[in-house]
Amino acid sequence: MIATDTRLVALVGNPNAGKTSLFNALTGASQRVGNYPGVTVEKVTGHVRFEGKEFDVIDVPGLYSLQPQSADEEVAAGVVHGEPGLSQKPDLLVCVLDATNLERNLFFFSQLAEAGHPIVVALTMTDLLAKHGTPIDQARLSRLLGVDVIPVVAHKGTGIKELERAILDNLEHPMVPAFDVGLKPELDAQVDAIAERLARDAFDVERSTIRDSLSGESTELDERLAPFPELSEALEEARSSLASVPDKGCTDPASRYNWAARIRRQVLPDASLKRIRTSDRIDALLINRFTGMIVFAAVMFVVFQSIYTLAGPLMDGIGAGFEWLGDLIRPWLSGVPVLESLVIDGLLTGVGSVLTFLPQIIILFLFIAILEGTGYLARAAFLMDRLLGWCGLNGRAFIPLLSSFACAVPGIMAARVMPDPKSRLATILVSPLMSCSARLPVYILLIGAFIQPRYGALWAGVALFGMHLVGLAVAIPVVALLNRGVLKGRRLPFVLELPPYQWPKWRDVFLTVFSRAKVFVQTAGTIIVVLSLVIWFLGYFPRSEGDEERYRGEYTTLTSATRKHIEEENYIRQRQIENSFLGRIGKAIEPAFLPAGFDWRLSTTILMAFPAREVVVSSLGIIFSLGGEVDEANTDLRTAIQDARWPDGRPLMNGWTAVGFMVFFALCCQCMATLAAVKRETNSWKWPVFMFTYMTGLAYLAAVAIHQVGLLLSG
Amino acid sequence: MVGGVETIGFSELKQGMRGRVVSVDPHAPALLRLQEMGLTEGAEFLVDKVAPLGDPVEIFLRGYRLCLRKHEAVGILVEVIK
Ligand SMILES: Nc1nc2c(ncn2[C@@H]2O[C@H](COP(=O)(O)OP(=O)(O)O)[C@@H](O)[C@H]2O)c(=O)[nH]1
Ligand SMILES: [Mg+2]
């Protein structure tokens, strides 16, 4: 099958009209998710085979208008018009019209029709109309619009065959809406007058040609009339009389809506029945000042707890599975230490760390798909908008931000619930500032070592809570600055529709979760594995044959008191890291970290934690010669850090340095999975690089500031 | 007063009021999106709900329920229908 031979059908329509449900019903599992070149918008395509014929389908992002007002809308509109470089020009548009929201959907249809594309209409939500007692005159709608109108109910499979047949027919014999927009009365009147005048001189000219000429879009008519001064003059007169009418084109929304309302009244006279009573009754509870807030808090608590606790055992299971796999492979490779380490510490660790993100992604998107499918997500956004609006985000941002407290990777992916690219990008860029669960061990270790012994359990608790607020507090001015300076594009007014409550459609829920997981593993996963191998290389090399023997020799020269604390294997491991590229870089950048009060051991730990901050405690274990198997509750590690000295005998860390180190970890971008997810979601390296730079820069400045204040205050 | 009709700004609407759009400021480009959503001259709507923190508001318009922020609708004048 050659791609250009296959006909392309584009599903277009308003957001929430039912395009994706229809797309799922048409294409099933044949979906492919990619990106349009250079933009954040996803390109979702699939393939349909029906009665021996086949065609491709593309699910175009929802549009309220063909007049794009943001970068994402420009892409969607570009796909509709078949702009080169985005995708093949669609041979047919399936315009998805929500029957319960006919006027606004017809507004969009009028723009499509005017652009002259061949169209088939798929009429969705007719089951809701039937349930609430209003029949729609679909034959009349088809006559009025001049195209085929096929009612569909995607999740029940109703009308899908009929739609497929209509698509095949229309691919053979395309129908462009016989559609005289006739939107602006003044323009209409002038078109009529000119048509009449021309008819008197036996000129038969199409109304659309006259309209184009009057609105200045074409000069075809002017050229034809040039030999007849009297007619040219009439045309010119009509044009100048229109010039005084504001908005003389056909783009005026009010006229379009007048047209849409006229059509709606003819096919669906009683729109008042469309108020769906059950939804109103539920909303009386759910968007109410008191119960609404309580339900919201409860729902968010369940979502957050599920990601936080349910994912834990699954992640441990995946980790254990990979360890088991490593042990299984190890005997085969033990002859070649480099290969053994490459496969087990590099490759398996990398692949394992990709997969450990899956439980959280799956759980979060399961919740998002369910909340979105029931209609609650829109209500929650309505409740939260004011709170998030004042710092330049909007109500929908709470899902990505809240989930980022568990893990930024699913949080960043969840930012696709944001309606416009600007606020989506802002949300993505601050999500990793939320204190994810991987930061917790650092806090527990250092608070246990430096705060609790001195100030007691109460202050330890306060400090732990405070550490969780650091990122949040920094995020607010960061969003404000980003909106002011870095993120381009006009801010669109926030609009949100409240759809009627429904049961979620399980196939759509499943496909959403499946496609998010697949996209993460395929694209972000590749980046994570490659980076894991790079990091492995830096931590393993240079290493030569005699090194291990030399370290063993060194070990025997240590005092017996020291040897009692430090096991031989752990000593060797520490020396190997110290000697590796990573350790050497750590030592080389020590001077840069001196103003923050960190020595090479801490700076190397920071370097080791850049791929994933999860490893920070085990890195500290290795650096302090206790082995990589220690955890944050390990008292030996705690003591080792408390007792660590500078070469001149001063203690390495005090309360201030400990807080500085924690704040560094709170703000720093130490998670390549996050960067990979940002690359995937923004489809560019620019934003991950930007994020890494600003977060790491902030972290460094904050650590330095805290240490310096500490020096001043403790004299 | 516009053409003999008592008008108020969109942001002055209260929960439960019915309104009709009298005019939309043509010089405010941000209002184009709201017009595309159906808030055009002559459109009638009901103010359904005001969010607990005072903004946004939800209106029943052209058969569907639209939420928007009051301060982003500045420039839309409405007539209150009794
Ligand atoms: N009752 C009913 N619900 C539908 C129908 N089509 C879509 N939906 C629901 O409407 C919501 C929006 O649909 P979706 O396909 O995501 O819309 P999109 O934004 O156009 O892709 C989802 O909750 C769907 O389950 C339909 O024909 N009948
Ligand atoms: Mg969709």
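Residues numbered from 1 in each chain as written. Chains lettered and ligands numbered in written order. Predicted model: local features only at pLDDT ≥ 70, side-chain atom pairs only at ≥ 80, totals over all residues. Heavy atoms only, no water.

A. Spotlight on the site of ligand 1. All names here are of chain A. The full set close to ligand 1 counts 18 residues, and Asn16, Lys19, Thr20, Ser21 and Asp127 are the nearest of them. A distance of 2.9 Å separates an oxygen atom of ligand 1 from a polar atom in the backbone of Gly18. Between ligand 1 and Asp127 there is a distance of 2.8 Å, counted from a nitrogen atom to a side-chain nitrogen or oxygen. Across the complex, the protein chains shield 85% of the 580 Å² of accessible surface that ligand 1 would expose by itself. Listing elements by their share of the shell around ligand 1, those giving two or more residues are α1 (19–27) and α4 (126–131). It is α1 that provides the largest number of residues to the shell around ligand 1, a total of three residues. (Near = heavy atom within 4 Å. Polar contact = N/O pair within 3.5 Å; in protein donor to acceptor, adjacent residues only side chain to side chain. Areas by Shrake-Rupley, 256 points an atom, 1.4 Å probe, with all protein chains shown as cover. Helix = DSSP H or I, 4+ residues; strand = E, 2+ residues; numbered from the N terminus.)

B. Representation of the domain arrangement of chain A. All names here are of chain A. Split into domains, chain A comes out as domain 1 (8–172) and domain 2 (185–272). Of the residues lining the interface, 20 residues belong to domain 1; the matching set on domain 2 comes to 14 residues. When the two sides are added together, the surface that domain 1 and domain 2 hide from each other amounts to roughly 1600 Å², 67% of it contributed by carbon and sulfur. It is Glu103, Phe107 and Leu144 that lose the most area in domain 1 upon contact with domain 2, and together they represent 35% of the buried surface on that side. (Domains from an automatic or database assignment. Contact = heavy atoms within 4.5 Å. Buried area = accessible area lost by both parts, 1.4 Å probe.)

C. Spotlight on empty space enclosed by the protein. Residue and element names in this part refer to chain A. Summed over all chains, the structure comprises two cavities of 30 Å³ or more. In this structure, the second largest cavity occupies an estimated 30 Å³ of space. As for the second largest cavity, its lining consists of Ala408, Pro432, Cys436, Arg439, Arg613, Cys669, Gln670, Cys671 and Thr674. Partitioned by chemical class, the residues of the lining of the second largest cavity number five nonpolar, two polar and two charged. (1 Å grid on protein atoms, 1.4 Å probe; cavity = no way out; pocket = protein on both sides within 12 Å on 5 of 7 lines; lining within 4 Å. Points joined across faces, edges and corners; volume = space filled by probe spheres on them. Nonpolar A, V, L, I, M, F, W, Y, C, P; charged D, E, K, R; others polar.)

D. The pattern of salt bridges, seen in detail. Tallied over the full model, the rule gives 36 salt bridges over all chains. Close ionic contact of Glu114 of chain A with Arg256 of chain A constitutes a salt bridge, the shortest N to O distance being 2.9 Å. Residue Glu114 of chain A is found in helix α3 (residues 102–114), and its partner Arg256 of chain A is found in helix α11 (residues 253–267); the two are separated by 142 residues along the sequence. Of the residues examined, Glu114 of chain A reaches a relative accessible area of 32% and is grouped as partly exposed. Exposure remark for Arg256 of chain A: the relative accessible area of 2% places this residue in the buried category. As a salt-bridge pair, Glu72 of chain B and Arg69 of chain B come within 3.2 Å of each other at their nearest N and O atoms. (Salt bridge = Lys/Arg side-chain N within 4 Å of Asp/Glu carboxyl O. Buried < 20%, exposed > 50% of the residue type's maximum accessible area, 1.4 Å probe, protein only.)

E. Focus on the pairing of strand β1 (residues 7–13) of chain A. Residue and element names in this part refer to chain A. For β1, a buried count of six out of seven residues is recorded, marking the element as mostly surrounded by other parts of the structure. Bridge analysis of β1 against strand β4 (residues 53–59) gives five bridges, and the strand direction is parallel. When the sheet's bridge partners are listed, Leu11 is paired in β4 with Asp59. By the bridge criterion, five bridges tie β1 to strand β5 (residues 92–98) in an arrangement that is parallel. From the neighbouring strand, Ala10 faces β5, where its bridge partner is Leu93. (Pairing = 2+ DSSP bridges.)

F. Quick look at the sheet that holds strand β4 (residues 57–61) of chain B. Read across the open sheet, the seven strands follow the order β8(A)-β5(B)-β4(B)-β3(B)-β2(B)-β6(B)-β1(B); overall the sheet is antiparallel. Each edge of the sheet is formed by a strand with only one pairing partner; in this case those strands are β8 (495–497) of chain A together with β1 (7–9) of chain B. Across this sheet, the average inter-strand angle for adjacent strands is 40°, counted without regard to direction. Here three bridges tie β1 of chain B to strand β6 (residues 76–81) of chain B, and the two strands are oriented antiparallel to one another. Of the residues in β6 of chain B, the one forming a bridge with Ile8 of chain B is Val78 of chain B. The strands that helix α16 (residues 376–389) of chain A touches are β8 of chain A together with β3 (44–50), β4 and β5 (64–68) of chain B; relative to β8 of chain A, the one it contacts most, it runs at about 140°. (Axes fitted to C-alpha atoms, helices over the stretch in contact; angles between N-to-C directions.)

G. Expanded view of the interface of chain A and chain B. Contact with chain A, which involves 42 residues of that partner, is made by 32 residues of chain B. The interface formed by chain A and chain B holds five salt bridges in total. Between Asp385 of chain A and Arg69 of chain B there is a salt bridge whose closest N-O contact spans 2.6 Å. Viewed at the interface, chain B and chain A are joined by 14 residue pairs in polar contact (both at pLDDT 80 or more). Within the residue set of the side of chain A that touches chain B, elements represented by two or more residues are α3, α11, α12 (277–286), α16 and β8 of chain A. If you tally residues by element for the side of chain A that touches chain B, the top one is α16 of chain A, at seven residues. Residues that form the side of chain A that touches chain B fall into these classes: 19 nonpolar, nine polar and 14 charged. Direction of pairing for β8 of chain A relative to β5 of chain B: antiparallel, over a ladder of three bridges.

H. A look at the pairing of strand β6 (residues 119–124) of chain A. Residue and element names in this part refer to chain A. Summarising burial for β6: six of the six residues are buried, a large majority. Here β6 shows a buried face lined by Ile119, Val121 and Leu123 and a second buried face lined by Val120, Ala122 and Thr124. At this point the chain moves from β5, through α3, to the parallel β6, and the crossover so formed is right-handed. Bridge count between β6 and strand β7 (residues 149–151): three bridges; the pairing is parallel. Across the sheet, residue Leu123 finds its bridge partner in β7, namely Pro151. (Right-handed = clockwise from strand over helix to strand, strands pointing away.)

I. The arrangement of the sheet that holds β1 of chain A in detail. Residue and element names in this part refer to chain A. Strand order in the open sheet formed by seven strands is β2-β3-β4-β1-β5-β6-β7, with mixed pairing between adjacent strands. Edge strands, defined here as strands with exactly one partner in the open sheet, are β2 (32–35) and β7. Across the sheet, the mean angle separating the axes of adjacent strands is 30° when strand polarity is ignored. Inspection of the sheet shows strand β3 (residues 42–50) paired to β4 by seven bridges, in the antiparallel sense. Looking across to β4, one finds that Val44 is bridged to Asp59. In the packing of helix α5 (residues 138–145) onto the sheet, contacts are made with β5, β6 and β7, and the angle to β7 comes to roughly 150°.

J. Quick peek at the packing of aromatic side chains. Residue and element names in this part refer to chain A. All told, the structure shown has 21 aromatic pairs over all chains when counted by the stated rule. With a centroid separation of 6.0 Å and an interplanar angle of 20°, the aromatic rings of Phe537 and Phe581 are classed as stacked. Placement of Phe537 in helix α22 (residues 506–540) and of Phe581 in helix α26 (residues 581–588) is noted, with a sequence separation of 44 residues between them. A residue is classified by how much of its surface remains accessible, and Phe581, at 31% relative accessible area, is partly exposed. Arranged with centres 5.9 Å apart and planes meeting at 75°, the rings of Phe593 and Phe664 form a pair that is edge-to-face. Of this pair, Phe593 sits in helix α27 (residues 590–593) while Phe664 is found in helix α31 (residues 655–667), placing the two residues 71 residues apart along the sequence. We note that Phe593, like Phe664, is buried. Geometry around Tyr540 places Arg543 over its ring, the cationic atom sitting 3.9 Å from the centre. For Lys587, the ring lying beneath its charged end belongs to Trp600, and the centroid distance is 4.7 Å. (Phe/Tyr/Trp six-rings, centres within 6.5 Å; stacked < 30°, edge-to-face > 60°. Lys NZ or Arg CZ within 6 Å of the ring centre and 35° of its normal.)

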